[in-house]
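Residues per chain, in single letters:
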Amino acid sequence: MLQDGLLRGRRILITGGGTGLGLAMADRFAALGAQLVLSGRRAEVLAAARDGLVARHGASVQTLPCDVRDAAAVEAMFDAAWQQGPLDVLVNNAAATFIAQTERLSARAADAILGPTLHGALYCTLQAGRRWLDSGRPGVVLSILSTSTRTGRAFTVPSAMAKSALLAMTRSLAVEWGPQGIRSVAIAPGPFPTAGAGQALDPTAGRAFADAAPGAGAAAAYAANPLGRVGRPPELAELAAFLVSDSAAYINGEMVAIDGGQHLRTSGAEDLLAWGPDDWARARAGRGG
Ligand SMILES: CCCCC/C=C/C(=O)SCCNC(=O)CCNC(=O)[C@H](O)C(C)(C)COP(=O)(O)OP(=O)(O)OC[C@H]1O[C@@H](n2cnc3c(N)ncnc32)[C@H](O)[C@@H]1OP(=O)(O)O
Ligand SMILES: NC(=O)C1=CN([C@@H]2O[C@H](COP(=O)(O)OP(=O)(O)OC[C@H]3O[C@@H](n4cnc5c(N)ncnc54)[C@H](OP(=O)(O)O)[C@@H]3O)[C@@H](O)[C@H]2O)C=CC1
């Protein structure tokens, strides 16, 4: 259990902060006294998240709708955030992925994943880092990555590539910006059952996996977890709160996996090797619904 008030007065921007793991982190950071800036593409999702955080914690929450694929929009977002006061922490959490046979990915499909996951996180990091360096302020960049950075992952290749590149960014900036008081850290989640991950990794909301060969899909991957369960978003939020706090002041350039040890046994995708054309057709048909 972290100390009460651990993040009091800290201003923390979370990309993708209106849903899933981003919102779970926002909730825990607010409970520990942080002021929040939430971004994402959908203004109404951010507003609902803000209302909940205010009701639960009386938190100070600024919402800044932004598509992180757009470098100019990211710069404007950081200008707007800084107008209310300097940030102390950036959490690169926004990302996109879907399962697909890699040879079937169009260039647009690859970019739909690399754009937000890789470019978006880099644009945000550059904007935060420049402002911290120019003003001589310390800062923390926490990037939410994936255990695919350790294992690779079949059928989500652009995501695995983007997350691995961000791990390289984390390690590189630890050295380049560390001397100026800017720490770079990362978390590698295993399976956490958010709505976004469900849609991305099981696009027919269970139907594809249920109909596929026995043992296929997400359910089997969850069962393969050494601890026999999936992650709970508050567990990830607790780790994130520790890593961005001064309690972790000597942790720099490090990625912590939180997956019950699953990646030591499976990347989480091997069962998809058993899928046939009909399974993939069903998965493609399940997009968006
Ligand atoms: C062990 C556990 C591992 C967990 C690892 C990581 C998990 C996560 O990251 S969970 C987070 C997931 N959350 C999200 O992905 C939320 C954001 N998602 C989205 O915005 C969409 O779902 C998106 C990824 C599809 C992107 O949407 P958008 O940019 O609007 O893209 P378009 O619909 O315009 O499509 C662009 C391009 O991509 C092709 N495409 C889309 N979906 C698929 C698919 N399922 N399979 C194959 N191709 C797909 C689409 O056809 C377009 O290409 P063209 O047809 O060539 O134009
Ligand atoms: N859940 C899991 O099992 C795992 C998750 N992760 C990582 O955890 C993080 C959170 O995922 P999770 O909470 O599960 O999924 P969500 O789908 O809930 O989170 C993705 C968030 O990113 C935002 N987003 C997507 N594209 C953009 C964009 N172009 N510009 C700005 N914001 C964008 C979305 O908001 P909006 O659509 O409104 O823009 C959404 O809030 C991601 O980095 C994911 O890769 C890693 C491994 C496993």
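In short, a report on the structure. (Residues numbered from 1 in each chain as written. Chains lettered and ligands numbered in written order. Predicted model: local features only at pLDDT ≥ 70, side-chain atom pairs only at ≥ 80, totals over all residues.)

Observations concerning the environment of Arg41
Mapped onto the fold, Arg41 is located in the loop between β2 (35-40) and α2 (43-57). Along the sequence, Arg41 and Ser148 sit 107 residues apart, while their C-alpha atoms lie 25 Å from each other. (Helix = DSSP H or I, 4+ residues; strand = E, 2+ residues; numbered from the N terminus.)

Observations regarding α2
Between its first and last C-alpha atoms α2 spans 21 Å; for 15 residues at 1.5 Å apiece the expected length is 21 Å, and the two agree. Within α2, burial applies to Leu46, Ala49, Arg50 and Leu53. For α2, the angular spread of buried residues about the axis comes to 100°, placing them on one side. Summarising the geometry of α2, the exposed residues directed more than 90 degrees from the buried face are Glu44, Asp51 and Ala55. Close packing links the buried residues of α2 with α1 (20-31), β2 and β3 (61-65). Downstream of α2 by a residue or two, Gly58 has a phi angle that is positive, lying close to 65°. (Expected span 1.5 Å × (residues − 1). Buried ≥ 20, exposed ≤ 12 C-beta atoms within 10 Å, placed from the backbone. Arc of directions from axis to C-beta. Contact = placed C-beta atoms within 7 Å.)

A look at the site of ligand 2
Taken together, 28 residues sit near ligand 2, with Gly16, Gly20, Arg41, Ala95 and Gly196 positioned nearest. For the shell around ligand 2, the secondary-structure elements that each account for two or more residues are α1, α4 (107-135) and α7 (195-201). For the shell around ligand 2, the element with the highest residue contribution is α1, accounting for three residues. Here the residues of the shell around ligand 2 are counted per class, giving twelve nonpolar, twelve polar and four charged. (Near = placed C-beta within 6 Å. Nonpolar A, V, L, I, M, F, W, Y, C, P; charged D, E, K, R; others polar.)

Structural notes on the sheet that holds strand β6 (residues 182-189)
Ordered by their spatial adjacency, seven strands build an open sheet running β3-β2-β1-β4-β5-β6-β7, and the pairing between neighbours is parallel. Only two strands of the sheet have a single partner each, and these edge strands are β3 and β7 (254-258). On average, each strand axis in the sheet is inclined to that of its neighbour by 15°, with strand direction left out of account. With five bridges joining them, β6 and β7 adopt parallel strand pairing. What sits directly across from Ile187, in β7, is Val256. In the packing of α4 onto the sheet, contacts are made with β1 (11-15), β4 (89-92), β5 (139-144) and β6, and the angle to β4 comes to roughly 175°. Helix α6 (residues 157-176) rests against β4, β5, β6 and β7 of the sheet, and its axis sits at about 155° to β6. (Pairing = 2+ DSSP bridges. Axes fitted to C-alpha atoms, helices over the stretch in contact; angles between N-to-C directions.)

What about the nonpolar core?
Soluble globular proteins tend to bury their nonpolar side chains together. Counting 63 residues, the largest nonpolar core has Ile12, Ala26, Phe29, Leu36, Leu142 and Ile187 as its most contacted members. Discounting chain neighbours no more than four positions away, the residues touching Ile187 are Leu142, Ile144, Leu145, Leu236, Leu239, Ala240, Leu243, Met255, Val256 and Ile258. Counting residues in each nonpolar core, the second largest holds eight residues, with Phe155, Ala269, Leu272 and Trp275 among its members. (Core = buried A, V, L, I, M, F, W, Y, C linked by C-beta atoms within 7 Å.)

What to know about the environment of Leu105
Position of Leu105 relative to the elements: it lies in the loop between β4 and α4. The exposure class of Leu105 is partly exposed, given the 16 C-beta atoms found within 10 Å. Separated by 33 residues in the primary sequence, Leu105 and Ala72 place their C-alpha atoms 27 Å from one another. Look past the residues within four positions of Leu105 in its chain and what remains in contact with it is Ala100 and Ala110.

A look at the site of ligand 1
Around ligand 1, the surrounding shell holds 20 residues, and the nearest of these are Ala96, Ser106, Ala109, Gly196 and Gly268. Within the residue set of the shell around ligand 1, elements represented by two or more residues are α4 and α7. Residues of the shell around ligand 1, tallied by class, amount to ten nonpolar, seven polar and three charged.

Topic: the packing of helix α3 (residues 71-83) against α4
One way to put it is that α3 packs onto α4 with a least axis distance of 9 Å and a crossing angle of 40°. On the basis of the axis angle, α3 is oblique to α4. Helix-helix and strand crossings are classified by hand; for α3 and α4 the assignment is right-handed. Each of Ala71, Val74, Glu75, Phe78 and Trp82 in α3 lies in contact with α4, whose residues at this interface are Tyr123, Cys124, Gln127, Ala128 and Arg131. A per-class count over the contact of α3 with α4 returns seven nonpolar, one polar and two charged. (Parallel < 35°, antiparallel > 145°, perpendicular 65-115°, else oblique. Left-handed = near helix turned anticlockwise from the far one by under 90°.)

Function cannot be read off these values alone, since they describe shape.
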